[in-house]
Amino acid sequence: MNKDIINLGKELAFLLRHDKEAFSKGLIDHNGWRNVSELLSLGYTQETLDEIVETNDKKRYEYN
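Please read these numbers as outputs of a predicted model, since none were measured by experiment.

A. Layout of unusual backbone geometry. Positive phi values are uncommon outside glycine, yet Lys59 reaches one of about 55°. Position of Lys59 relative to the elements: it lies in the segment after helix H4 (46-55). Its relative accessible area of 57% is what places Lys59 among the exposed residues.

In C-alpha coordinates:
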(Lines give C-alpha, C1' and ligand atoms only; values in the text may rest on other atoms or scores of the structure.)
Protein backbone atom coordinates (compact mmCIF):
# COMPACT_ATOMS: atom_id res chain seq x y z
CA MET A 1 0.00 0.00 0.00
CA ASN A 2 1.16 3.50 -0.81
CA LYS A 3 2.73 5.34 2.15
CA ASP A 4 0.70 8.48 1.34
CA ILE A 5 -2.52 6.47 1.51
CA ILE A 6 -1.46 5.03 4.88
CA ASN A 7 -0.85 8.52 6.25
CA LEU A 8 -4.12 9.82 4.81
CA GLY A 9 -5.88 6.83 6.38
CA LYS A 10 -4.44 7.71 9.77
CA GLU A 11 -5.57 11.31 9.35
CA LEU A 12 -9.00 10.06 8.31
CA ALA A 13 -9.20 7.93 11.45
CA PHE A 14 -8.61 11.06 13.51
CA LEU A 15 -11.26 12.98 11.56
CA LEU A 16 -13.80 10.20 12.11
CA ARG A 17 -13.05 9.30 15.72
CA HIS A 18 -11.30 12.08 17.58
CA ASP A 19 -12.15 15.41 15.95
CA LYS A 20 -13.77 17.17 18.92
CA GLU A 21 -14.55 20.27 16.88
CA ALA A 22 -16.49 18.18 14.33
CA PHE A 23 -18.43 16.48 17.13
CA SER A 24 -19.32 19.82 18.70
CA LYS A 25 -20.47 21.20 15.33
CA GLY A 26 -22.63 18.15 14.67
CA LEU A 27 -20.56 17.02 11.68
CA ILE A 28 -20.34 13.50 13.09
CA ASP A 29 -23.64 11.87 13.98
CA HIS A 30 -24.41 9.80 17.08
CA ASN A 31 -23.42 6.61 15.20
CA GLY A 32 -20.02 8.00 14.24
CA TRP A 33 -20.84 8.73 10.59
CA ARG A 34 -19.49 11.78 8.80
CA ASN A 35 -20.67 12.98 5.39
CA VAL A 36 -18.38 12.27 2.48
CA SER A 37 -19.04 15.81 1.24
CA GLU A 38 -17.51 17.13 4.47
CA LEU A 39 -14.38 15.04 3.93
CA LEU A 40 -14.18 16.23 0.33
CA SER A 41 -14.30 19.83 1.58
CA LEU A 42 -11.27 19.04 3.77
CA GLY A 43 -9.19 18.17 0.71
CA TYR A 44 -9.80 14.46 0.23
CA THR A 45 -10.81 13.26 -3.21
CA GLN A 46 -13.41 10.61 -3.87
CA GLU A 47 -10.68 8.46 -5.40
CA THR A 48 -8.51 8.76 -2.28
CA LEU A 49 -11.41 7.87 0.02
CA ASP A 50 -12.26 4.88 -2.20
CA GLU A 51 -8.66 3.67 -2.04
CA ILE A 52 -8.51 4.04 1.74
CA VAL A 53 -11.77 2.10 2.15
CA GLU A 54 -10.73 -0.64 -0.29
CA THR A 55 -7.15 -1.15 0.92
CA ASN A 56 -7.38 -0.76 4.69
CA ASP A 57 -6.18 -4.09 6.05
CA LYS A 58 -8.31 -3.82 9.18
CA LYS A 59 -11.47 -2.88 7.23
CA ARG A 60 -12.08 0.11 9.49
CA TYR A 61 -13.89 2.16 6.89
CA GLU A 62 -17.09 1.80 4.95
CA TYR A 63 -19.67 3.88 3.14
CA ASN A 64 -23.30 3.98 4.14
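Now, onward.
B. Seen up close, the environment of Ile28. Counting through the fold element by element, Ile28 comes out in the loop between helix H2 (20-24) and helix H3 (36-41). Taking the C-alpha atoms as reference points, Ile28 and Thr48, separated by 20 residues in sequence, lie 20 Å from one another.

C. Structural context of the layout of surface pockets. Volume-wise, the largest pocket comes out at about 360 Å³. Broken down by secondary-structure element, the contributors of at least two residues to the lining of the largest pocket are helix H1 (3-17), H3 and H4. With three residues, H1 is the largest single contributor of residues to the lining of the largest pocket. Considering only residue class, the lining of the largest pocket consists of nine nonpolar, four polar and four charged. In this structure, the second largest pocket occupies an estimated 200 Å³ of space. Taken together, 12 residues make up the lining of the second largest pocket; nearest its centre are Ile6, Gly9, Lys10, Asn56 and Asp57. Here the element with the most residues in the lining of the second largest pocket is H1; it accounts for four residues. When grouped by side-chain class, the residues that make up the lining of the second largest pocket number five nonpolar, three polar and four charged.

Calculation notes
Residues numbered from 1 in each chain as written. Predicted model: local features only at pLDDT ≥ 70, side-chain atom pairs only at ≥ 80, totals over all residues. Heavy atoms only, no water. Helix = DSSP H or I, 4+ residues; strand = E, 2+ residues; numbered from the N terminus. Buried < 20%, exposed > 50% of the residue type's maximum accessible area, 1.4 Å probe, protein only. 1 Å grid on protein atoms, 1.4 Å probe; cavity = no way out; pocket = protein on both sides within 12 Å on 5 of 7 lines; lining within 4 Å. Points joined across faces, edges and corners; volume = space filled by probe spheres on them. Nonpolar A, V, L, I, M, F, W, Y, C, P; charged D, E, K, R; others polar.

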